Structure formats: structure tokens, C-alpha cells
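Descriptive analysis of the structure
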There are 2 protein chains.
Amino acid sequence: MPHTLRQKIADLVIKGELKPGDRLEELSLADRFGVSRTPIREAIRQLGASGLIEIRPRRSAVVRSFDRAELSEAFEAMGEIEALCASLAAVRMNEAERLKLRALMAASQDVSQRNDRPAALELDFEFHGHLHDGARNRMLKTVAEETRLRITPYSAALFMMEGYNADLELPHQQHAAIADAVLAGNGKEAARLMREHIAQALISLQQFFEDTQSRSDAPKVKGEVR
Amino acid sequence: MPHTLRQKIADLVIKGELKPGDRLEELSLADRFGVSRTPIREAIRQLGASGLIEIRPRRSAVVRSFDRAELSEAFEAMGEIEALCASLAAVRMNEAERLKLRALMAASQDVSQRNDRPAALELDFEFHGHLHDGARNRMLKTVAEETRLRITPYSAALFMMEGYNADLELPHQQHAAIADAVLAGNGKEAARLMREHIAQALISLQQFFEDTQSRSDAPKVKGEVR
DNA sequence: TAAAGAAAAATTGCATACAATTTTGATGTT
DNA sequence: AACATCAAAATTGTATGCAATTTTTCTTTA
């Protein structure tokens with residue numbers, strides 16, 4: 001995992017240090033990473049093309065934010081893409097991959113019982129990434145990971161919010177059901193469960209937003225409504 | 001349609017002036033477009049992130065090339081994405097959009113009868129783009145257009161090759177069948193036909209490659225096998 | 001003639017400079 | 001206190017310079 005400048009800047013968003021709507025100021029980033037503005041600009045342009053950040057001529061780039069409709073559309077698209085990955089993985093994964101999937105589920109059970117949210121987030125990434133690999137289609141994997149990257153600030157927020165998504169049991173159970181279908185070679189069922197899983201994530205996220213919106217104090221995730 | 005530097009460089013690939021494996025040399029492009037290397041580099045980075053070109057450290061960027069397996073995977077992924085767009089468009093398009101779809105099909109019939117290949121390529125773009133819009137999902141549209149962009153050098157080649165894809169009737173008939181299903185609101189059928197359509201395109205492309213490969217003279221599309 | 005190696009040329013990566021534009025902050029007005 | 005206006009500061013867009021690396025060309029050798 002070469003930590004390129006691009007990845008380092010993306011990590012600021014992934015780790016939540018930069019939130020939707022936050023500005024990416026070139027000189028600050030240049031100072032922070034000990035380089036000049038030139039390589040920073042190039043990294044920012046790449047992240048703009050990836051859709052993680054938004055580039056506005058003559059103005060600072062900002063972490064991309066989604067309004068309610070866009071978020072809903074993004075989750076619909078992601079649901080279908082992940083469902084496709086799951087259904088292909090169900091019939092294409094080899095024994096070694098199936099074994100690893102079982103191991104991931106065991107780890108996930110442990111982590112969700114201990115309510116270890118950072119670990120759960122990490123395992124969520126691994127679970128979906130493993131299905132992307134299992135689908136044996138590099139273009140699909142690229143598409144799936146790009147789509148996930150774009151909504152990273154929102155999905156990560158979802159995982160970290162205590163109170164919302166109150167326990168980690170629900171997502172874990174959903175993952176377990178998907179894994180069972182995949183291991184049984186039942187692609188149709190894996191796809192159906194995956195769609196439900198992603199739809200549920202959107203609902204949790206929307207509830208969180210409605211609550212923070214109605215309160216008068218500043219939302220924890222800025223810029224979600226443009 | 002603002003022709004940004006990024007779009008201008010992409011057009012070199014889309015129009016076929018640059019083929020898979022061709023180098024994108026910064027200074028040449030800078031001279032060509034009358035700017036310095038800096039904005040050229042930024043455009044190249046963006047196109048690299050989009051997946052149209054490949055960036056290699058310390059070496060010139062090259063137009064991305066796919067080997068047989070990658071091409072097959074790309075078409076599988078694209079088939080599913082386009083199928084999803086079609087099935088959503090079937091139930092979401094409004095009357096104005098359905099009217100325009102009919103108009104597109106009429107134009108397509110005319111063009112395919114006259115065997116006007118450049119116009120057919122243009123209409124192919126419009127047909128698929130119209131379905132992307134009709135699906136009413138901006139993330140899905142982004143994903144679909146990115147996926148199409150990546151294989152642009154190959155799909156355009158397919159359309160232009162006389163002898164392969166011998167007449168334009170087959171793709172036109174396939175489009176017409178898809179349009180009928182969409183207009184009838186039959187999403188399932190539209191998706192099925194779209195998958196077939198894309199699968200057929202891959203087969204034509206593979207036939208073309210097998211023939212050019214077996215011949216000893218240089219292939220018309222360079223770099224397709226890495 | 002072909003292959004290998006070295007020198008020369010070309011090319012990329014990054015820093016820096018400066019003009020154009022945007023953002024910030026101060027000041028004054030209602 | 002809220003708002004408008006304007007100057008100062010900060011920020012972006014692009015050009016240019018130079019070191020590091022790659023690519024090409026030329027020479028030598030087998």
C-alpha cells in the first residue's frame with residue numbers, strides 16, 4: 001500500500017478530518033505534507049475526477065457533499081452494484097476465498113459484540129472488498145470501489161454515530177445472511193439481501209440527518225444540504 | 001459543452017487520433033494546445049483517474065489498453081450497468097423523454113439504412129445517454145458514462161470497422177427492440193435485451209481482434225494485448 | 001549483422017514566481 | 001445590530017527553471 005500524496009489527502013476525508021463542504025486549500029496541504037503546491041494540485045484534480053471532492057474554478061476544492069436526493073440516488077446505485085458483486089461472488093469465489101469469507105464473518109461477530117466501532121468499520125470495508133474481488137471482474141471492482149469512495153464521508157459517519165445504528169448487531173446480521181447466501185452459491189438471494197442491506201443503511205443515514213437538521217445547533221456533518 | 005483542456009485531450013482518444021498504447025507527451029500536447037505543461041499535466045492526471053489513460057511514474061502517460069480478459073470483464077460490467085439504466089428508464093421516463101426516444105429511433109433507422117457510420121456512432125452515444133438520463137439517478141449516470149468512456153477506443157473502433165459488424169442493421173434492430181421494451185414499461189425485458197446487445201458487441205470486437213492478431217501485419221488498434 | 005554499452009537528447013517531477021481572482025476584514029451607514 | 005462598501009490579504013491558474021530519470025542515438029564489440 002504505497003501512501004501516495006493522493007491517498008494521503010483521500011485519507012483526510014476517509015478518516016473524517018475533512019468533512020463534506022470543507023475546503024482543501026492548496027498551500028495548507030502543501031505545508032502539511034512538505035511539498036509544493038504543484039503535486040498537491042495534481043492530487044486534488046485526481047480526487048476531483050474520482051468524485052470524492054468537488055473542483056470549482058478559481059475557488060478552493062471542497063469535499064463533495066450530497067443533498068438528500070443525491071444521497072438516495074447514490075445508495076440506490078451502490079445497492080445495485082454491490083448486489084451484482086455479491087451475486088457473481090456467490091458463483092465465482094474459490095475455496096480459499098470462501099474460507100476467508102467465513103473468517104471475516106467470525107471476526108465481525110466478535111467485533112460487533114464488543115461494540116468496537118472503528119474495527120467494525122474496517123471489517124465492513126473488508127467484507128465488501130472481498131465480495132468485489134470474488135466477483136472476478138476488475139472493471140466491476142473499480143466501479144464498486146469508486147462508488148463506495150464517493151459516499152465515504154457519509155457511510156463512515158453512519159458507522160461512528162452512537163445512538164444511530166444503535167448497536168452493530170443489525171449490520172452484522174445482514175452481512176452474515178449475505179455471506180450465507182454467497183457460501184451456498186445462491187446469487188439471487190445474496191443480491192436481494194445486499195440490496196436490503198444498502199437500503200437499510202440509507203434509512204439510518206436519513207434518520208440521522210433529519211434529527212440533526214431539526215435541531216438548531218450546527219450539524220456534525222457539514223454541507224449535507226446545499 | 002465547454003471544451004476544457006481535459007475534454008480536448010479526451011477527444012483525441014475518442015476521435016481515434018490517439019489509440020490504446022499511444023503515449024501522451026506533455027510538451028507536445030502543451031505546444032498543440034498553446035499552453036504550458038502545468039495545465040496539461042493536470043488534465044492528464046484527471047484522465048488517469050477517470051481510467052481513460054494510464055499513468056506510469058516517470059514515464060509518459062499512455063492511452064489505456066485492455067487485454068482480452070479485461071475487455072471481456074469491462075463489457076460484462078457495462079452490460080449490467082446499461083441493463084440497469086434501461087430497466088429503470090422503462091419505468092421512470094416521462095412523456096417528453098419517451099417522445100425523444102422515438103425520435104432517436106427514427107433517426108437511427110434512417111442512418112443505418114444509409115450506412116452512415118459516423119452518424120450511427122453519434123446516435124449510439126445519444127441512445128445510451130438518453131437511457132442514462134431516463135434512469136433518473138445521477139450517480140448511476142456518472143458510473144455508466146465513466147464505464148463507457150474507458151472502453152471508448154474499442155467501441156468506436158467497432159463501429160468504424162467496415163467488414164466487421166458488417167451492416168449497421170443488427171445494432172439498430174437491437175436498439176429498436178430495447179426501445180420498444182422501454183416504451184412498453186417492461187424493465188425486465190429491456191434489461192435482458194440490453195445485456196444481449198452489449199454481449200453481441202463484445203463478440204464482434206473479439207472476432208475483429210482474433211482476425212487482426214492472426215495476421216502478421218501490424219494491428220490497426222495498437223496495444224490491445226499487453 | 002546483431003547485440004551491448006555509453007553518450008546525448010528528451011521527458012518527467014517538483015519548486016517557485018507572478019498575475020488574476022476570490023476571500024477576509026475593516027470601516028462607515030442606516 | 002445588520003448591512004453595504006472597499007482595501008488588504010489570501011488563494012488559485014499558469015508559466016518557467018532545474019534536477020532526476022527515461023528514451024533515443026551513436027559507437028563499439030563480438
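Quick caveat, the model's predicted, so the values are computed rather than measured.

In this section: the sheet that holds strand E1 (residues 23-24) of chain B. The strand order E1-E3-E2 (chain B) describes an open sheet built from three strands, whose pairing is antiparallel. Each of the sheet's edge strands pairs with one partner strand only, and the pair in question is E1 and strand E2 (53-56) of chain B.

With that settled, the discussion passes to the domain arrangement of chain A. Residue and element names in this part refer to chain A. As assigned here, chain A comprises domain 1 (5-63) and domain 2 (68-214). Just the C-alpha atoms count here: the centres of domain 1 and domain 2 sit 27 Å apart. With nine residues of domain 1 at the contact, the number on the domain 2 side is six residues. Of the residues contributing to the side of domain 1 that touches domain 2, the split by class is five nonpolar, three polar and one charged.

Another aspect to go through is the interface of chain A and chain B. Facing the 22 residues of chain A at the interface are 22 residues of chain B. Looking at the side of chain A that touches chain B, the elements with two or more residues in it are helix H3 (37-50), helix H4 (68-92) and helix H7 (138-150) of chain A.

For the rest of this paragraph, the subject is the protein's contact with DNA strand D. The immediate surroundings of DNA strand D are formed by 15 residues, with Glu26 and Ser60 of chain A together with Val35, Ser36 and Thr38 of chain B found nearest. Secondary structure elements with two or more residues in the surface near DNA strand D: helix H2 (26-33) and H3 of chain A together with helix H3 (37-50) of chain B. With three residues, the top contributor of residues to the surface near DNA strand D is H3 of chain B.

Residues and elements named next belong to chain A. Spatially, three strands are ordered E1-E3-E2 in an open sheet, and the strand pairing comes out antiparallel. Both edges of this open sheet fall to strand E1 (23-24) and strand E2 (53-56), since each of them pairs with a single strand only. Inspection of the sheet shows E1 paired to strand E3 (residues 59-63) by two bridges, in the antiparallel sense. Its bridge partner being in E3, Arg23 is matched across the sheet by Val62.

Turning to the relation of the copies chain A and chain B, a few remarks are in order. It takes a turn of 180° to lay chain A on chain B, together with a shift of 0.0 Å along the axis; the resulting RMSD is 0.0 Å. In the structure described here, the two chain copies are related by an operation that fits a two-fold rotation axis. Within chain A, Gln46 of chain A has its C-alpha nearest the rotation axis, a separation of 2.4 Å. Looking at chain A, 100% of its interface residues are interface residues in chain B too, so the copies touch through the same face.

The next point concerns the packing of helix H5 (residues 95-113) of chain A against helix H9 (residues 169-183) of chain A. Residue and element names in this part refer to chain A. Contact pair H5 / H9: the axes reach a minimum separation of 10 Å and the direction vectors enclose 165°. It follows from the interaxial angle that H5 and H9 lie roughly antiparallel. For the element pair H5 and H9, the recorded crossing hand is left-handed. When H5 is examined against H9, the residues Arg98, Leu101, Met105, Ser108, Gln109 and Ser112 are found in contact with a partner set consisting of Glu169, His172, His175, Ala176, Ala179, Val182 and Leu183. Residues that form the contact of H5 with H9 fall into these classes: six nonpolar, five polar and two charged.

With that settled, the discussion passes to the nonpolar core. In terms of nonpolar packing, the biggest core is built from 87 residues, with Cys85, Ala86 and Val182 of chain A together with Cys85, Ala86 and Val182 of chain B touching the most fellow members. Top contributing element to this core by residue count: helix H4 (residues 68-92) of chain B, with 13 residues.

Neighbouring DNA strand C are 14 residues, the closest being Val35, Ser36 and Thr38 of chain A together with Glu26 and Ser60 of chain B. Taken together, the elements giving at least two residues each to the surface near DNA strand C come down to H3 of chain A together with helix H2 (26-33) of chain B. Per-element accounting of the surface near DNA strand C gives the leading share, three residues, to H3 of chain A. Among the residues making up the surface near DNA strand C, the classes are represented as four nonpolar, four polar and six charged.

Conventions used here
Along each chain, numbering runs from 1 in the same order as the chain's sequence is written. The order in which chains are written sets their letters, starting at A; the order in which ligands are written sets their numbers, starting at 1. A pLDDT threshold of at least 70 governs which residues receive local features in this predicted model, and a stricter bar of 80 or more applies before side-chain atom pairs are shown or counted, although totals over entire chains, interfaces and linings include all residues. DSSP-based pairing: two strands are paired if at least 2 bridges between them are found. Each helix corresponds to a stretch of at least 4 residues labelled H or I by DSSP, and each strand to a stretch of at least 2 residues labelled E; elements are numbered beginning at the N terminus. Each domain's extent is set by a domain assignment, obtained either automatically or from a database. Residues are treated as contacting if the C-beta atoms built from their backbones sit within 7 Å of each other. Residues were grouped as follows: Ala, Val, Leu, Ile, Met, Phe, Trp, Tyr, Cys and Pro as nonpolar; Asp, Glu, Lys and Arg as charged; and all remaining residues, including Gly, as polar. What makes a residue near a molecule or strand is its C-beta atom, placed from the backbone, lying within 6 Å of it. Superposing the copies works by least squares over the C-alpha atoms of residues that have pLDDT at least 70 in both of them. Helix axes are fitted only over the stretch in contact, all axes being lines through C-alpha atoms; the angle between N-to-C directions runs from 0 to 180 degrees. For classification purposes, an angle smaller than 35 degrees is called roughly parallel, one larger than 145 roughly antiparallel, one from 65 to 115 roughly perpendicular, and anything else oblique. Working rule for handedness: look at the near helix, and if it is turned counterclockwise from the far one by less than a right angle, call the crossing left-handed; if clockwise, right-handed. We call a set of buried Ala, Val, Leu, Ile, Met, Phe, Trp, Tyr and Cys residues a nonpolar core when their C-beta atoms link them within 7 Å. We call a residue exposed when 12 or fewer other C-beta atoms sit within 10 Å of its C-beta, buried when the count reaches 20 or more, and partly exposed for counts in between; the C-beta positions come from the backbone.

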